[in-house]
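Listed below are the residues making up each chain.
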Amino acid sequence: GVTMSSTLGVTGVGTFTAQSVHTGGIQTGGAIVSDTTNTDALGSSSITFSDLYLGDGAVLNFGEDQDVTLTHDGTTGLTIAGNPLTLDSGDNIILDASNGNILFKDDGTIFGSATNSGGQLILKSGSTTAATFSGANVTLAGTVASGAVTVNDTTTSTSTSTGALKVLGGVGVA
């Protein structure tokens, strides 16, 4: 083998046909590219890299046609784009927003959200509160429409109403 203790300068294309071990960093003023498409790996299943440092505006492209991307924006964070995009986990999927809001969007337009407000889960449709959960209790805002409602258990309840109760069909009271 050949051992070098100084700098190797290559102008043009440098081809290494054997494994090359470098104890220092490798600097380049251009791209590091494979000689063929979709055949070379960066690392291996037994020898892996530890960290990857990319600048603001960096994009990781996946696939032959780059149909999935991870894009870093120095202002708004990381955008994951794919068509379709599937989250698949053998365990929990955790959404952890430090401001308490998880937004649901369709083509950039918010159509709903899940919000933590004082330990209560608030679900919104658009910007309107639809349901507020407190422990096992839920308060629904607006009208609840349903087909048939069936209760297959004995229910004890006390109800107070300041409005009218309308029943279509028969009502049995025991």
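Residues numbered from 1 in each chain as written. Predicted model: local features only at pLDDT ≥ 70, side-chain atom pairs only at ≥ 80, totals over all residues. Heavy atoms only, no water.

Q: Looking at this structure, I do not really get the pairing of strand 2 (residues 68-73). What am I missing?
A: One face of the sheet, then the other: side chains in a regular strand alternate in exactly this way. In terms of strand pairing, strand 1 (residues 59-62) meets strand 2 through 4 bridges, oriented antiparallel. Paired with asparagine 61 across the bridge in strand 2 is threonine 69. Taking the residues that link successive antiparallel strands as the turn, the strand 1-strand 2 hairpin has 5 residues, and the phi of glycine 63 there is positive, at about 95 degrees. (Pairing = 2+ DSSP bridges. Helix = DSSP H or I, 4+ residues; strand = E, 2+ residues; numbered from the N terminus.)

Q: When you look at the packing of aromatic side chains in this model, what are you seeing that I'm missing?
A: For the coordinates displayed, the defined rule picks out 1 aromatic pair. Ring centres 6.2 Å apart and planes at 35 degrees place the aromatic pair phenylalanine 104 and phenylalanine 111 in the tilted group. Residue classification places phenylalanine 111 among the partly exposed residues on the basis of a relative accessible area of 48%. (Phe/Tyr/Trp six-rings, centres within 6.5 Å; stacked < 30°, edge-to-face > 60°. Buried < 20%, exposed > 50% of the residue type's maximum accessible area, 1.4 Å probe, protein only.)

Q: What is the right way to look at the environment of serine 134 in this model?
A: With respect to the helices and strands, the residue serine 134 is situated in strand 7 (residues 128-134). Along the primary structure serine 134 and glycine 119 are separated by 15 residues, whereas in three dimensions their C-alpha atoms are 7.7 Å apart.

Q: Whenever I open this one, the sheet that holds strand 7 confuses me. Can you help?
A: Two pairing modes exist for strands in a sheet, parallel and antiparallel, and in both the strands are linked by backbone hydrogen bonds. As summarised here, the arrangement of the 5 strands in space is 4-5-6-7-8, forming an open sheet in which the pairing is antiparallel. What marks the edges here is a single partner per strand, and that holds for strand 4 (101-106) and strand 8 (137-140). When strand polarity is set aside, the average angle formed by the axes of neighbouring strands in this sheet is 15 degrees. (Axes fitted to C-alpha atoms, helices over the stretch in contact; angles between N-to-C directions.)

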